[in-house]
Amino acid sequence: MHSSIMKILKLWFLHFLIFQSFYFTQSSGFNPTAVKVDVGVILDLDTTLGKILKSCITMAIVDFYSNRSYNTMIVPHFRDSKTDVVAATSAALDLLKNTQVMAIFGPQSSTQADFVIDISNKVKVPIISPATSPSLSPQESPYFIRSSWSSSSQAKAVAAIVKNFGWREVVLVHEDTIHKVGLLPFFTKYLSESGAFVSNMTAISPSADKDGILEKLKELREMQTRVFIVHMSHRHMSRFFKLARGAGMMEEGYVWIVSGLITGLLDSESVEAMQGVVGVRAYFPRSSEVRGFEERWRKTFYEENLEFERPEVNVFGLWAYDIMVALAEAVEGVDVTYPLFERGVPIMGNVTDLEEIGISNNGPKVAPLMRNFRSEGLSGDFMTKKGELQPSMFEIVNVIGNGANPVGFWREDRGVSKRLEGDGGGDPGRRLGTVVWPGQTSEVPRGWDANGRRKKLRVGVPLKGRTSGLISVKIDVTTKEVKPSGFCIDVFEEVMRSMPYVEYEYVAFNNGNSTGFNYDGLIEQVFLKKFDVVVAGITMSANRSKYVDFTIPYIESGASAVVPIVDEDNAWIFMRPLTMGLWLTIGAYFIFTGFVVWALEHRVNEEFRGPPLQQVGMIFWFSFSTLVFAHKEKVKSNLSRFVVIVWLFAVLVLTSSYTASLTSMLTVQQLDPADIRDLTRKGEYIGYKEGSLMRSVLESSKAEKLKVYTSFKQYDQGLTLGSGKGGVGAIVDNLPSINLFLKQYCHKYTMISSTYKKSGIGFACQKGSPLAPDVSRAILQMKENGKMDEISDRWFGQENCGCRNGTTIAGKRLDLDNFKGLFLISGLSSLTALAISLFIFIYKNRSVLTTHGPIKRKLSDLAGAFDREREDKSSKEPRTSSEERVVEEGRISQDVELSTIELMVVNNTS
């Protein structure tokens, strides 16, 4: 009774303060003609948020009318909904019927607002509510204006936090109410887009007692996932975290992310229980106006609520302030119509409350102005669009000490950033400030506990492995202990040594049946969650990845063939090192180079002169003799020497390359045939391993004659017999199995280069399991530090074999592309020398070109000049007197002969 009286007195005192404020305002600038506009305010006045909203609304009205002239004045009428849906609805009906308000602010919870919004749509009175549930849509309710950000907007920010720290699996913990459940699809969607998987959704009833919540916490503790996203009202959130701390779930290794974090609404005990929690809240700039408002508000709020030692205003209070300013401006911009409500006509004499209230004449004028409004308010850029307050930036906070410590920001166009201006790039670990997680640790939790519900990780291994070198399983008869061995096991155990927090045990699975091996059965066991991970030589495929998550491959895979080694027996093998195009090009260059040398030496070198056939023979002889460096002719022209030097270098490169390629072909034993398709075309039988994916590979290559084998010994027998004697011409298997086979038989068989590439062999984990990325990182580390090579050498090394990995590589044929540069240099050198020689020749015989006569005669004279041998003055020696006498006698005899011939010609003419 006493407490009720105190509440009534306190409520009367609050109303008194409000009217005192109005009196002070009106006395300083009172407008006696101002139209009084009644506005209803429905709040949960017993809650901290309700008290904050009430004080902010009062200050907004006082500030608006004290700073400007006005023609209308809002008069607030407060009602207490007492956190009850019925009370909130009754308060709304009372305000509409008895006070005839033009608009209503509130109620503050989504459950209460749901009923009031339906009433407002019927009477056409704007309802301005901070209800955040996305199930309340302003687009479907033309008289509903949301004065806060929809809770769906924070789902993207929460998903961005999960993505930033690389967590793959999360659990959603939510309050089991219709409006809290409405946010779950948004969380699921945005988390999925961020690469995270929602493994479980745990609902907690608002009416659940302590034992009921502890039972839910026990279920959460037994899950492998350690990343929990909590979506509750602050009242239920406070009780939940107090119990979670008592259950030992606020320790190291746990991650708690809460939505709509408002630490100012939580008591000190609740904040203490939430140490290490990460959350998001709407960001507003701490401008000088905001700081000044906070000082005035704190003083006013403390006077009205003495139980708060250090009150703090939150963004909901600033939004309420800005929306009331927007409402005052909207009311100022319309002409108030009387009567305020147009009453409806009763039906059959029965009058309901809504019919008695009627339809508002002013609500349709105010609603459009409120649904699309923009201003620069205390909360920053305040904008409503189609009745929805538009979100801008979220602040990421970490509960430490007595409150929330900001560690970063999130904006849709910038992502997660440490600073306000945005720095979303770079190392993800540095995009936020230092976060102190539960257990007072700054090390980012893994986000999962491998042991979880069971004490040990269940690792499935096949009782029957296709290849003993990859995996072989034995079971101790006495202890029933599973003892696997092989390459796959060595890799897995090395991975587990880098993850000491994981305890595991091997469980054998009988994957053999009447039809042979069945690795898909192992995949099915993982999908059914009988195993956490499977270790075997399982080839990764698109179909299998639908049921499990594979780690990155720890060994290369692909379909390759093993064939017997045969000696090359080909009479024309000496032609194989060079392609036909290259052979023809070399021949053409031999002839071209010989012609260039002849053209340069013909006039100065007697060895390049003589009858035409002899000169043609000299062209071929000189060029081809350079092939073995057997040319004996000496060149005298410097241009010829230049051409020959370049050509000899080209010949040296060509002969060396040819020799190397031919040597490789003669010394390396070749494959016959060189491709699996050759075997198929020849009708050879091809063998493959039982139960593997190789049959589908062979069928895709249209191989029809197939034989199934189960062991390396059968491989050897089949290849030794050959197709003609009941065996096979080749064995097709994956690379790891072939490498193990060739370790024993590399002197008899060899491998054709891999034809059908596969994804590789990896470990299969449960779908969405966080184990897969951790194991993948460990595999990458093993490849970088050399551990993987050590294990591979131990199992696949071929110390006793003369060939490497059992693979022989045929010598590569050389083609024209390999020597383009060489031929280009040689050709340009020859053409350049020929052009220079031709220019000099024409210049010296320019008198022939300048004479009068037909072109044919000039060309004939030039050809004759070219054919005449040019005296080499540099090698000419002085003649003796006897030699000069012989020459003179010869000249005289020539003159006599010419005179005789001329005389005979004259006589004949006469």
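Quick note: structure is the one above.
Keep in mind it's a predicted model, so treat the numbers as computed, not measured.

## What to know about the packing of aromatic side chains
Here the structure, examined in full by the defined rule, presents 36 aromatic pairs. Note on Y283 and F409: the rings are 5.4 Å apart at their centroids and 85° apart in plane angle, and the pair reads as edge-to-face. Placement of the pair is Y283 in the loop between β10 (278-282) and α11 (288-304) and F409 in strand β17 (residues 403-411), with a sequence separation of 126 residues. With a relative accessible area of 12%, F409 lands in the buried category. Summarising the aromatic geometry, the rings of Y589 and F823 are spaced 4.8 Å apart at their centres and angled 40° between planes, so their arrangement reads as tilted. Separated by 234 residues along the polypeptide, Y589 in helix α17 (residues 580-601) and F823 in helix α26 (residues 820-844) bring together distant segments of the chain.

## Focus on the packing of helix α15 (residues 487-497) against helix α24 (residues 771-785)
In the contact formed by α15 and α24, the axes pass within 9 Å of each other and the chain directions differ by 105°. Compared by their axis directions, α15 and α24 come out roughly perpendicular. Together, V491, E494, V495 and M496 of α15 and V775, A778, I779 and M782 of α24 make up the contact between the two elements.

## Digging into unusual backbone geometry
Here G106 and P107 are connected by a cis peptide whose omega angle stands at -5°. Among the secondary structure elements, P107 is positioned in the loop between β3 (103-105) and α4 (110-123). With an omega of 0°, the peptide bond between Y338 and P339 qualifies as cis. Tracing the backbone through its elements, the reader meets P339 in the loop between α12 (315-332) and β11 (341-342). Phi at K124 takes a positive value of approximately 60°, unusual for a residue other than glycine. The residue K124 is located in the loop between α4 and β4 (127-129) in this model. For Q440, which is not glycine, the phi torsion reads 55° and is therefore positive.

## A closer look at the sheet that holds strand β33 (residues 764-766)
Strand order in this open sheet of 5 strands is β22-β19-β25-β33-β26, and the pairing throughout is mixed. Each having just a single partner strand, β22 (504-509) and β26 (548-550) make up the two edges of the open sheet. With 2 bridges joining them, strand β25 (residues 533-534) and β33 adopt antiparallel strand pairing. Bridged to V534 within β33 is A764. Those strands touched by α15 are β19 (457-462), β22 and β25, and its axis lies near 155° from that of β22.

## Here we look at helix α8 (residues 210-221)
Taking 1.5 Å as the rise per residue, α8 with 12 residues should run 16 Å; its terminal C-alpha atoms sit 16 Å apart, in good agreement. Considered for burial, the residues of α8 that qualify are I213, L217 and L220. The buried residues of α8 occupy one face: seen down the axis, they fall within an arc of 55°. Close packing links the buried residues of α8 with β6 (169-175), β7 (197-204), β8 (227-231) and α9 (234-246).

## Looking at the pairing of strand β16 (residues 394-400)
Counting buried positions along β16 yields 6 of 7 residues, so the element is predominantly enclosed. In terms of strand pairing, β10 meets β16 through 5 bridges, oriented antiparallel. Residue pairing in the sheet places G279 in a bridge with V397 of β16. In terms of strand pairing, β16 meets β17 through 7 bridges, oriented antiparallel. In the sheet register, I396 faces β17, and the bridge partner there is G408. Between β16 and β17, which pair antiparallel in sequence order, lie 2 residues; one of them, G401, sits at a positive phi of approximately 70°.

## Here we look at a nonpolar patch on the surface
Taken together, the side chains of I591, V616, F620 and F624 present a nonpolar region at the surface, about 330 Å² in accessible area. It is helix α18 (residues 612-625) that provides the largest number of residues to the nonpolar patch, a total of 3 residues. Mapped onto the elements of the fold, I591 is located in helix α17.

## Describing the sheet that holds β17
Across the sheet, which stays open at both edges, the 8 strands sit in the order β7-β6-β8-β9-β10-β16-β17-β18 with mixed pairing between neighbours. In this open sheet, the two strands that pair with only one neighbour each are β7 and β18 (415-417). Between one strand axis and the next, the sheet turns through 30° on average, direction left out of account. Sheet analysis places β17 next to β18, joined by 3 bridges and oriented antiparallel.

## What to know about α4
Compared with the 20 Å implied by 1.5 Å per residue over 14 residues, the 20 Å span of α4 between its first and last C-alpha is a close match. K124 sits one or two residues past α4 and shows a positive phi near 60°.

## Some points on the environment of G248
Within the fold, G248 resides in the loop between α9 and β9 (255-258). Looking at G248, the relative accessible area reads 19%, which means it is buried. Here the alpha-carbon distance between G248 and L217, two residues 31 residues apart in the chain, equals 9.7 Å.

## Structural notes on the pairing of β6
Along β6, 7 of the 7 residues are buried, which leaves the element largely enclosed by surrounding structure. A two-sided burial pattern is seen for β6, the buried positions comprising E169, V171, V173 and E175 on one face and V170, L172 and H174 on the other. Strand direction decides the pairing type here: β6 and β7, joined by 7 bridges, are parallel. When the sheet's bridge partners are listed, H174 is paired in β7 with A203. Relative to β8, β6 runs parallel, the two sharing 4 bridges. Within β8, the residue paired with H174 across the bridge is H231.

Procedures and definitions
Residues numbered from 1 in each chain as written. Predicted model: local features only at pLDDT ≥ 70, side-chain atom pairs only at ≥ 80, totals over all residues. Heavy atoms only, no water. Phe/Tyr/Trp six-rings, centres within 6.5 Å; stacked < 30°, edge-to-face > 60°. Helix = DSSP H or I, 4+ residues; strand = E, 2+ residues; numbered from the N terminus. Buried < 20%, exposed > 50% of the residue type's maximum accessible area, 1.4 Å probe, protein only. Axes fitted to C-alpha atoms, helices over the stretch in contact; angles between N-to-C directions. Parallel < 35°, antiparallel > 145°, perpendicular 65-115°, else oblique. Contact = heavy atoms within 4.5 Å. Pairing = 2+ DSSP bridges. Expected span 1.5 Å × (residues − 1). Arc of directions from axis to C-beta. Patch = residues over 30% accessible without salt bridge, like charges linked within 9 Å, V, L, I, M, F, W, Y side chains within 5 Å. Areas by Shrake-Rupley, 256 points an atom, 1.4 Å probe, with all protein chains shown as cover. Salt bridge = Lys/Arg side-chain N within 4 Å of Asp/Glu carboxyl O.

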